[in-house]
Amino acid sequence: MQKAILFDLDQTLLDRNTSLIKFVEWQVNFFQLVSQANKQAFITRFIELDNNGNVWKDLVYSQLLEDFNIKTFCVESLLESYINDFNKFCRPFEKVSETIQNLYHKGHKLGLVSNGKSPFQESNFYALGLREFFSTVIVSEAIGIRKPDPRIFEFACKELDCIPNHCIFVGDNLKADIEGAKKVGMRTIFFHPNPSINSSLADEKIHHYEQLETAINKLKPFILE
């Protein structure tokens with residue numbers, strides 16, 4: 001049987017928080033949505049309304065237009081810009097690219113499992129330049145199943161020709177990623193860039209991608225059984 005490593009996207013491979021701030025800065029400047037004096041307040045409010053990506057941007061923009069009394073643009077035009085332009089600002093966490101390539105060249109089978117809209121999430125992933133190293137890219141809206149539903153993890157295993165017990169899942173969300181993956185029998189690695197944030201639920205935890213291969217090697221005996 002094949003053995004595989006599966007990754008979440010937002011705040012796991014993709015530094016979404018930083019990417020989002022860069023995008024909003026650009027959008028404010030490009031469309032001249034507010035004065036420079038109000039730009040930071042607009043960005044802060046956007047991040048607050050976005051709620052770590054849990055609120056779709058039609059609702060975010062609707063509230064922003066009201067809060068900042070913006071009359072020159074509509075929700076639809078700003079949302080279209082978000083959908084088309086956000087991927088241009090997508091950046092991975094430090095050492096993600098090198099680590100993924102190392103894992104690939106060492107023979108690990110890699111896959112992506114992300115909650116979110118399709119093809120929006122696929123475009124954000126492709127912008128990282130890692131697609132060629134991944135055997136499957138799964139976005140929840142495309143298949144109609146969201147993490148932590150066990151069926152999305154089982155679907156990923158079928159795509160990779162492996163069983164859950166032979167998989168490691170790397171993610172930042174304790175419920176959707178770690179709890180979801182563990183329920184189907186996968187080993188888990190919790191990633192968070194802040195070293196003060198940990199998880200006792202995950203089998204291993206890392207705060208930088210330089211630590212990932214060491215964490216994987218610790219789990220290898222368990223997935224080789």
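Before any of the text, the structure's been laid out above.
Keep in mind the model is a prediction, meaning the values are calculated, not measured. (Residues numbered from 1 in each chain as written. Predicted model: local features only at pLDDT ≥ 70, side-chain atom pairs only at ≥ 80, totals over all residues. Heavy atoms only, no water.)

Visitor: Sorry, what's going on with the pattern of salt bridges here?
Guide: In a structure, side chains of opposite charge can pair up when their charged atoms sit close to one another. Applying the stated rule across the entire model yields 15 salt bridges. One salt bridge in this structure joins D50 and R16, with 2.8 Å as the shortest N-O distance. Of this pair, D50 sits in helix α2 (residues 36-50) while R16 sits in helix α1 (residues 16-31), placing them 34 residues apart in sequence. There is no split in this pair, since D50 and R16 are both buried. With its nearest N and O atoms 2.7 Å apart, the salt bridge here joins K106 to E213. Taken together, the residues span a long stretch of sequence, with K106 in the loop between α5 (96-105) and β2 (109-114) and E213 in helix α10 (residues 212-223) at a distance of 107 residues. Owing to a relative accessible area of 59%, K106 belongs among the exposed residues under this scheme. The network of salt bridges with common partners includes D10, R16, D50 and K57. (Salt bridge = Lys/Arg side-chain N within 4 Å of Asp/Glu carboxyl O. Helix = DSSP H or I, 4+ residues; strand = E, 2+ residues; numbered from the N terminus. Buried < 20%, exposed > 50% of the residue type's maximum accessible area, 1.4 Å probe, protein only.)

Visitor: What's the story with unusual backbone geometry in this structure? I'm lost.
Guide: A negative phi holds for most residues other than glycine; trans holds for most peptide bonds. Of the consecutive residues S118 and P119, the connecting peptide bond is found in the cis state with omega at 10°. With respect to the secondary-structure elements, P119 resides in the loop between β2 and α6 (120-126). Residue P148 follows K147 across a cis peptide bond; omega there is 15°. Structurally, P148 is set in the loop between α7 (140-143) and α8 (150-160). Phi at Q11 is positive, roughly 60°, even though this residue is not glycine. Among the secondary structure elements, Q11 is positioned in the loop between β1 (2-7) and α1. With a phi close to 70°, K95 is a non-glycine residue in the positive phi region. Along the chain, the position of K95 falls in the loop between α4 (75-85) and α5.

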